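# Fold and geometry: a report
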Amino acid sequence: MADTIGIWVAALLTLFIFSFLYKDNPLYKMAEHLFIGVSAGYWVSYLYQNVFKPNLYNPLFHQGKLLLIIPLILGLMMVMRLFPKIGWISRWSIAFIVGITSGYYLITYLQTNAVDQVRASLLNFSQINNIILVVGVLSGLIYFFFSAEHRGVLGGTAKLGIWFLMVAFGASFGYTVMARISLLIGRMQFLLGDWLGLLH
Amino acid sequence: MSEKLRRKGRGCRKGGLIPLAAFIFFLFLWDGAWAEDLDTLPPSPPREVTAFDTPNDAGGSITLTWRKSTDDGTGAGDVTAYIILRAERKEGPYKEITKLPAGAVRYEDTTTKDGVDYFYKVSVSDGVNISESPPSQAVHSKAQWFNFKRLNMLLAGFILSLGIVYFISRARAGKELYIRKIAGLDAVNEAVGRATEMGRKVFFIPGILDLDDVQTIAGLSILGQVAKLTAEYGTKLEVPVCRSVVMVTARETVKEAYLDSGHPDAYNDEIVHYLTDDQFGYAAGVDGLMLREKPAAIFYQGAFYAESLILAETGFSVGAIQIAGTAMPSQLPFFITACDYTLIGEELFAASAYLSREPRALGSIKGQDLGKAIILFILGLGVVLETLGITGFSQLFTTQ
């Protein structure tokens with residue numbers, strides 16, 4: 001019985017959301033607000049159970065990992081936003097996050113987006129695929145060169161680079177659309193199968 | 001010839017009587033399983049078992065190497081497995097920690113505790129008999145300060161940082177640094193101006209990832225510039241976000257922009273508001289806001305996933321000028337299709353410098369361009385060398 005009610009609620013909410021394809025309407029608004037409210041509540045609970053408790057509360061208060069006092073203090077400083085007079089304290093926590101992020105990703109991105117790509121692009125010209133790949137990388141890189149105006153040879157190469165990028169985006173577009181269609185098929189299977197029982 | 005094979009050979013000579021041989025032959029025919037039981041000679045043990053702390057790691061690992069049993073692939077050729085045994089005292093007791101197939105000559109034990117001495121033995125099995133190597137010398141794992149296998153990364157980071165610091169210092173010294181025109185950014189003024197003329201809002205969507213993603217940080221930098229314009233023009237700005245930390249940072253950014261433009265009184269916290277952390281809940285909420293508020297300009301600047309097309313299509317349907325920017329390759333096609341202007345990949349990161357003309361940001365872009373110029377040179381040189389059959393150069397760029 002509970003399952004049946006659940007399926008009906010899910011199916012009706014799916015249809016309410018689909019009604020957006022026609023135009024904004026009270027049913028969509030209701031589903032939208034319900035979605036936002038429920039998901040916000042869900043994420044609060046999720047973050048408490050899966051982030052705060054296992055990463056901070058349990059190790060600090062049950063396992064005695066005192067080093068975690070530092071993130072606890074940073075977290076409390078962030079909460080200072082709730083008090084307008086001392087809200088500026090939260091900036092320190094934000095600065096910490098931005099600084100750590102920048103430092104961490106500098107090396108990560110340098111490796112994955114630069115050095116590893118260079119290594120993978122150092123190919124010999126014995127195959128036509130290799131030539132296309134290397135020309136695509138070089139021209140694409142020149143497109144992202146900001147220090148010189150794209151004129152003359154540089155401009156021509158940059159234009160070739162953007163053509164390569166657009167071809168890649170076109171392929172990616174088709175691939176992703178297929179993936180999105182599979183999401184639609186999943187919803188249709190739910191409506192026609194689980195809800196209406198027309199599919200077996 | 002292996003010891004086992006020789007011993008087996010001696011066994012045959014000792015038992016060389018014809019009736020006995022006939023009897024054994026009879027047993028072979030009668031039941032193959034009996035024949036297996038006849039193999040009572042163990043394979044020769046692995047030799048030169050060496051254990052050492054795994055180099056260039058963060059501790060917690062000891063590497064073992066040995067020379068294969070002479071019955072592994074050669075000799076009797078009946079080795080089926082190597083068994084790794086470990087103890088904390090030389091005399092034992094030794095516990096099996098893993099079993100490796102025939103042919104193995106190396107094993108990395110990643111279950112060690114740093115600072116604890118371990119002794120290892122490597123046993124070899126032929127399925128029936130087992131023989132053990134002598135124990136290794138005592139060894140303990142520890143963390144190394146440097147991973148020398150990542151020296152190339154250190155060098156690359158150092159060169160890039162040096163370039164950035166150099167150009168920042170030049171920019172601070174008043175040197176004019178040129179950055180080429182970025183089409184999408186020239187339209188920012190136009191978009192905000194249009195919203196002002198129409199008396200409608202400007203929406204800014206800073207992506208769906210948290211502040212630990214550089215795209216979000218880049219997006220918030222652009223938000224600062226957009227907020228300055230909306231403050232100057234007296235246009236309403238709305239920034240719905242899906243991460244609490246991003247909300248806090250975006251509020252700070254917008255507040256500062258309003259302060260810098262001389263309109264602190266026009267700022268209120270409601271400009272930046274939280275919807276939900278859920279990806280599609282957020283998309284549904286922003287879609288609804290777009291339809292009801294009908295903004296004249298929408299900026300999508302940051303990291304996006306599947307919601308990109310949902311948002312951009314809705315924005316298009318309300319007739320807004322849309323300027324997107326992301327470094328997510330799978331979402332760029334959707335923004336290019338549905339938006340008026342799109343900042344592709346690194347253009348997003350260059351945008352802040354382009355808009356603000358701030359020396360630090362400009363110097364940073366110039367430093368990165370130096371890095372790209374070096375990469376172009378390396379690629380050109382490397383491809384020529386590879387084509388000539390010289391492969392050593394490319395190995396310099398192998399990372400771990």
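Quick summary incoming for the structure in this document. (Residues numbered from 1 in each chain as written. Chains lettered and ligands numbered in written order. Predicted model: local features only at pLDDT ≥ 70, side-chain atom pairs only at ≥ 80, totals over all residues. Heavy atoms only, no water.)

### Topic: the nonpolar core
All names here are of chain B. Counting residues in hydrophobic clusters, the biggest one holds 63 residues, and the most contacted among them are Val-226, Leu-237, Val-254 and Phe-299. In terms of residues, this core owes the most to one element, helix H6 (residues 214-233), which gives nine residues. Not counting residues up to four positions away in its chain, the partners in contact with Leu-237 are Val-202, Phe-204, Leu-223, Val-226, Ala-227, Thr-230, Val-254, Tyr-258 and Ile-271. Of all hydrophobic cores here, the second largest spans 26 residues; its members include Phe-203, Ile-208, Val-286 and Ile-298. (Core = buried A, V, L, I, M, F, W, Y, C linked by side-chain atoms within 4.5 Å. Buried < 20%, exposed > 50% of the residue type's maximum accessible area, 1.4 Å probe, protein only. Helix = DSSP H or I, 4+ residues; strand = E, 2+ residues; numbered from the N terminus. Contact = heavy atoms within 4.5 Å.)

### Digging into the interface of chain B and chain A
Contact residues are listed per partner, giving 67 residues for chain B and 57 residues for chain A. Interface area, chain B with chain A, both sides summed: about 5,600 Å², of which 69% is carbon and sulfur. On the chain B side of the contact with chain A, Arg180(B), Arg292(B) and Leu379(B) bury the most area, a combined 11% of that side's loss. Taken together, the connections running from chain B to chain A amount to four salt bridges. The closest approach of N and O atoms between Asp24(A) and Arg292(B), which form a salt bridge, is 3.1 Å. The tally of links between chain B and chain A comes to 24 residue pairs in polar contact (both at pLDDT 80 or more). Contributing elements (two or more residues each) for the side of chain B that touches chain A: helix H4 (151-172), H6, helix H7 (244-260), helix H8 (279-293), helix H10 (332-338), helix H11 (346-356), helix H12 (359-387) and helix H13 (392-395) of chain B. For the side of chain B that touches chain A, a count of residues per class yields 34 nonpolar, 17 polar and 16 charged. (Buried area = accessible area lost by both parts, 1.4 Å probe. Salt bridge = Lys/Arg side-chain N within 4 Å of Asp/Glu carboxyl O. Polar contact = N/O pair within 3.5 Å; in protein donor to acceptor, adjacent residues only side chain to side chain. Nonpolar A, V, L, I, M, F, W, Y, C, P; charged D, E, K, R; others polar.)

### Focus on helix H5 (residues 183-198) of chain B
Spacing of three or four residues puts side chains on the same side of an α-helix, whose turn is 3.6 residues. Residues and elements named next belong to chain B. Helix length check: H5 (16 residues) gives 23 Å between terminal C-alpha atoms against 22 Å at 1.5 Å per residue, within 8%. Along H5, the sharpest kink reaches roughly 25 degrees, centred on Asn-189. Where H5 is concerned, the buried positions are Gly-184, Leu-185, Ala-187, Val-188, Ala-191, Val-192, Gly-193 and Ala-195. Packed against the buried residues of H5 are strand S8 (202-205), H6, strand S11 (297-301), strand S12 (321-326), strand S13 (341-344) and H11. Of the residues flanking the end of H5, it is Gly-199, one or two places downstream, whose phi is positive at about 70 degrees. (Expected span 1.5 Å × (residues − 1). Bend = angle between axes of the 7 residues up to and from the residue.)

### Some remarks on the side chain of Thr112(B)
All names here are of chain B. Note that Thr-112 resides in the loop between strand S5 (106-109) and strand S6 (119-125). Here Gly-60 takes part through its backbone oxygen, which lies 3.3 Å from a polar atom of the side chain of Thr-112. Excluding its chain neighbours within four sequence positions, the residues that come into contact with Thr-112 are Gly-60, Ser-61, Ile-62, Arg-86, Tyr-118, Tyr-120 and Ser-141.

### A few points about the packing of aromatic side chains
Taken as a whole and assessed by the stated rule, the structure comprises 23 aromatic pairs over all chains. Pairing Tyr48(A) with Phe52(A) gives two aromatic rings, centres 5.7 Å apart and planes at 25 degrees, and the pair type is stacked. Placement of the pair is Tyr48(A) and Phe52(A) together in helix H2 (residues 26-62), with a separation of four residues, close to one helical turn. Residue Phe52(A) is classed as partly exposed on the basis of its relative accessible area of 35%. Relative to Tyr82(B), the ring of Trp66(B) lies with its centre 5.8 Å away and its plane at 45 degrees, an arrangement referred to as tilted. Residue Trp66(B) is located in strand S2 (residues 62-67), and its partner Tyr82(B) is located in strand S3 (residues 81-87); the two are separated by 16 residues in the primary sequence. The class for Trp66(B) is buried, based on a relative accessible area of 4%. Classification of Tyr82(B) by relative accessible area gives buried; the value is 0%. Counting every residue linked through ring pairs, the aromatic cluster contains Tyr48(A), Phe52(A), Tyr57(A) and Phe61(A). Directly above the ring of Tyr143(A) sits Arg180(B), whose terminal nitrogen or CZ lies 5.1 Å from the centroid. Against the face of Tyr354(B) rests Arg357(B), its NZ or CZ located 5.7 Å from the ring centre. (Phe/Tyr/Trp six-rings, centres within 6.5 Å; stacked < 30°, edge-to-face > 60°. Lys NZ or Arg CZ within 6 Å of the ring centre and 35° of its normal.)

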